[in-house]
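Listed here are the chains, written in short residue letters.
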Amino acid sequence: MKTFAELNFPGRLIAVEGLDGSGKSTQIYLLKRWLELQDLKVYFSEWNSSELVKSATSKGKKRELLTPTTFSLIHATDFADRYERHLVPLLRAGYLVLCDRYIFTAFGRDVTRGCPPEWVRGIYSFAALPDLTFFFKSDLEVSLKRILEGRPQLKYFEAGMDLRLSTDPYESFRIFQGRILEQYLAMSTEFNFVVVDANQLVEKQQAVVRELVAHRLDLARFYRAEPPRTPASADLRKKAKVEEPVR
Amino acid sequence: MKNAIKNQIVVPRRSARRFYGHGIPGVDLEQLAGKLIVVEGADGSGRSTQIKLLVEWMEGTGHATVQVGLKRSTLVSEELVQAQQGNILSRTTLSLFYATDFADQLENIILPALKAGFVVLADRYIYTLMARDMVRGMDEAWLKNLYGIALEPDVVFYLNVLPEELVQRSFAKNASLDYWESGMDLGLSRDMFDSFMKYQTAMQTTFRRLQASYGFTIVDGMRPGNVVNTELRKKISAVMAGK
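Residues numbered from 1 in each chain as written. Chains lettered and ligands numbered in written order. Predicted model: local features only at pLDDT ≥ 70, side-chain atom pairs only at ≥ 80, totals over all residues.

1. What to know about the overall build of chain B
Within chain B, the regular secondary structure consists of 9 helices and 5 strands. When the helices and strands of chain B are listed from N to C terminus, the series reads α-β-α-β-α-α-β-α-α-β-α-α-β-α. Here chain B has a C-alpha radius of gyration of 18 Å; the compact-globule value for 243 residues is 18 Å, and the two agree. Of all 243 residues assigned to chain B, the portion counted as buried reaches 42%. In chain B, the proportion of contacts linking residues at least 24 apart, taken out of those at least 6 apart, comes to 79%. (Helix = DSSP H or I, 4+ residues; strand = E, 2+ residues; numbered from the N terminus. Rg over C-alpha atoms; globule rule 2.2 N^0.38 Å. Buried ≥ 20, exposed ≤ 12 C-beta atoms within 10 Å, placed from the backbone. Contact = placed C-beta atoms within 7 Å.)

And the structure:
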């Protein structure tokens, strides 16, 4: 598997991964705003958001029709639709594509649900690897607290109730998230995750993220065609440098 | 039905079961007592006629049957039909959508029916799905991994009918050619007749290639329906007897 840079795409893909409640969505949102305010070509894509596949997925979830295999396949369908119709064309057009969750979410969840890892990885083998993957590593208890504090109505699959880990949704959610965390940690080295300590303050994390993005990517290559609108972007444009290889 | 009147019901022998690849997690193959019979072939090859005749024969000889086919899952069939009408999905997406439809029926209909000792008659199986994708340039190894979830059937019949004859049958039935069965999405020709011939020829070549790894029984579908059915029954009887 290769990254988009290794495949000579002009665009670059940045993904964030982490448990529910790790704060990764906040971080990628702030990263997106920072890049947009510099007049860069940015596109943001969320897990499980393809219009076409949505009605099937929500029916499957609402009526609890999904098995580990169909759960995996329907999410792969959703991902493929976004990948082929949005991500790839935008990366061909030289965009910075930001993904809130990428294939690693599927690897973690599906394997936790009992799908064979080689099978899941084989299915997603059509997708290139991100050029940069941030993993927001929080203590399990911190993430759980964030999600469970408001005592929300946990959804059946979200809580991993289909795994019959516990009849109590909250207990089931705890065990399920713990197992996904193990999967993430096992993938961390193999896929070069940049591990961010998600127990820190939002600003501290964002500073780490921005610094790394600026360091690893030649942001000046991603300006929109029109002249820069803000002083910040003009400044960056001057500082255009040679991109360092992404490891 | 002679057999039914004489009340000689053949109790089927157990099959050695396996999945093609990784299979479905948590399934005990030992428990699948029924039989899985697949009929493959292009539109107009006589699949549905043959299955109808087989169901009658099976029930007459004391076997309970269940029928499955493509695009019949509760989970995604509606969405799949919609997507196909608009022709808006890219290749990998459509392929995975069909795989979801197949997996849903496999887990919710085929496997439970086999567990209950039914004879499952499948109007097409993974081979059509694989052949369609292979003709469209998708990677064979990727498809084999994807469909490694499938259970190996007891027997697979491929009704072989030449494209020249398929075209005649299609016109006799609908006076038109189907967009997808003509492979119009491939841009082989702007002429639908031309495209149909080219596409069906390519599909037959691909099926022959798949036959090498999956071992279908190729049946000459050019003959009259009852003649074809006699051949199918003979082979199925042998399968039921465990031969």
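2. What about the sheet that holds strand 2 (residues 65–69) of chain B?
Residues and elements named next belong to chain B. Ordered by their spatial adjacency, 5 strands build an open sheet running 2-3-1-4-5, and the pairing between neighbours is parallel. Looking at strand neighbours, the two that pair on one side only are strand 2 and strand 5 (217–220), the edges of this open sheet. Strand after strand, the sheet turns through a mean of 20° between neighbouring axes, direction not considered. In terms of strand pairing, strand 1 (residues 35–40) meets strand 3 (residues 119–123) through 5 bridges, oriented parallel. (Pairing = 2+ DSSP bridges. Axes fitted to C-alpha atoms, helices over the stretch in contact; angles between N-to-C directions.)

3. With respect to the environment of Glu118 of chain A
Considering the arrangement of structural elements, one finds Glu118 of chain A in helix 5 (residues 117–123). For Glu118 of chain A and Phe107 of chain A, which are 11 residues apart along the polypeptide, the C-alpha to C-alpha distance reads 9.6 Å.

4. Focus: the confidence of the model for chain B
Residue and element names in this part refer to chain B. On average, residues of chain B carry a pLDDT of 92, and 97% of them reach 70 or more. Per-element confidence in chain B is highest for strand 3, whose mean pLDDT is 98, and lowest for helix 1 (residues 2–6), whose mean pLDDT is 54. Per the prediction output, this complex has pTM 0.89; the corresponding ipTM is 0.87. (pLDDT = per-residue confidence, 0-100.)

5. Quick look at the sheet that holds strand 4 (residues 132–137) of chain A
Residues and elements named next belong to chain A. Ordered by their spatial adjacency, 5 strands build an open sheet running 2-3-1-4-5, and the pairing between neighbours is parallel. A single partner strand is all that each edge strand has here, and the edge strands are strand 2 (42–46) and strand 5 (194–197). The sheet shows a mean angle of 20° between the axes of neighbouring strands, direction not considered. Two elements, strand 1 (residues 12–18) and strand 3 (residues 96–100), share 5 bridges in a ladder whose sense is parallel. By the bridge assignment for strand 3, Ala15 is matched with Cys99.

6. Some points on the interface of chain B and chain A
Between chain B and chain A, the contact holds 25 residues from the first and 26 residues from the second. Among the elements of the structure, helix 3 (77–86), helix 4 (91–115) and helix 6 (140–146) of chain B are those that each provide at least two residues to the side of chain B that touches chain A. With 9 residues, helix 4 of chain B is the largest single contributor of residues to the side of chain B that touches chain A. Among the residues making up the side of chain B that touches chain A, the classes are represented as 13 nonpolar, 9 polar and 3 charged. (Nonpolar A, V, L, I, M, F, W, Y, C, P; charged D, E, K, R; others polar.)

7. Some points on the packing of helix 3 of chain B against helix 4 of chain B
All names here are of chain B. Interhelical geometry of helix 3 versus helix 4 gives an angle of 155° and a closest axis separation of 10 Å. Relative to helix 4, the element helix 3 is oriented roughly antiparallel. Judged by the sense of rotation from one axis to the other, the crossing of helix 3 with helix 4 is left-handed. Across the interface between the two elements, Ser77, Leu80 and Ala83 from helix 3 touch Leu94, Phe97, Tyr98 and Asp101 from helix 4. Along the lines of polarity and charge, the residues of the contact of helix 3 with helix 4 split into 5 nonpolar, 1 polar and 1 charged. (Parallel < 35°, antiparallel > 145°, perpendicular 65-115°, else oblique. Left-handed = near helix turned anticlockwise from the far one by under 90°.)

8. A look at the pairing of strand 3 of chain B
Within a regular beta strand, the side chains point alternately toward one face of the sheet and then the other, so they alternate between its two faces. Residue and element names in this part refer to chain B. Burial of strand 3 is extensive: 4 of the 5 residues sit out of reach of the surface. Direction of pairing for strand 2 relative to strand 3: parallel, over a ladder of 5 bridges. Each residue of the ladder has a partner; that of Gln67, found in strand 3, is Leu121.

9. Here we look at helix 2 (residues 51–62) of chain A
The terminal C-alpha atoms of helix 2 of chain A lie 17 Å apart, and with 12 residues this matches the ideal 16 Å at 1.5 Å per residue to within 8%. Every buried residue of helix 2 of chain A is accounted for by Leu52, Val53, Ala56, Thr57 and Gly60 of chain A. Down the axis of helix 2 of chain A, the buried set is contained in an arc of 100°. They therefore lie on one face. In helix 2 of chain A, the exposed positions that point more than 90 degrees away from the buried face belong to Glu51, Ser58 and Lys62 of chain A. Against helix 3 (68–92) of chain A together with helix 3 of chain B lie the buried residues of helix 2 of chain A. Where helix 2 of chain A ends, the next residue or the one after it, Glu64 of chain A, has phi of about 50°, a positive value. (Expected span 1.5 Å × (residues − 1). Arc of directions from axis to C-beta.)

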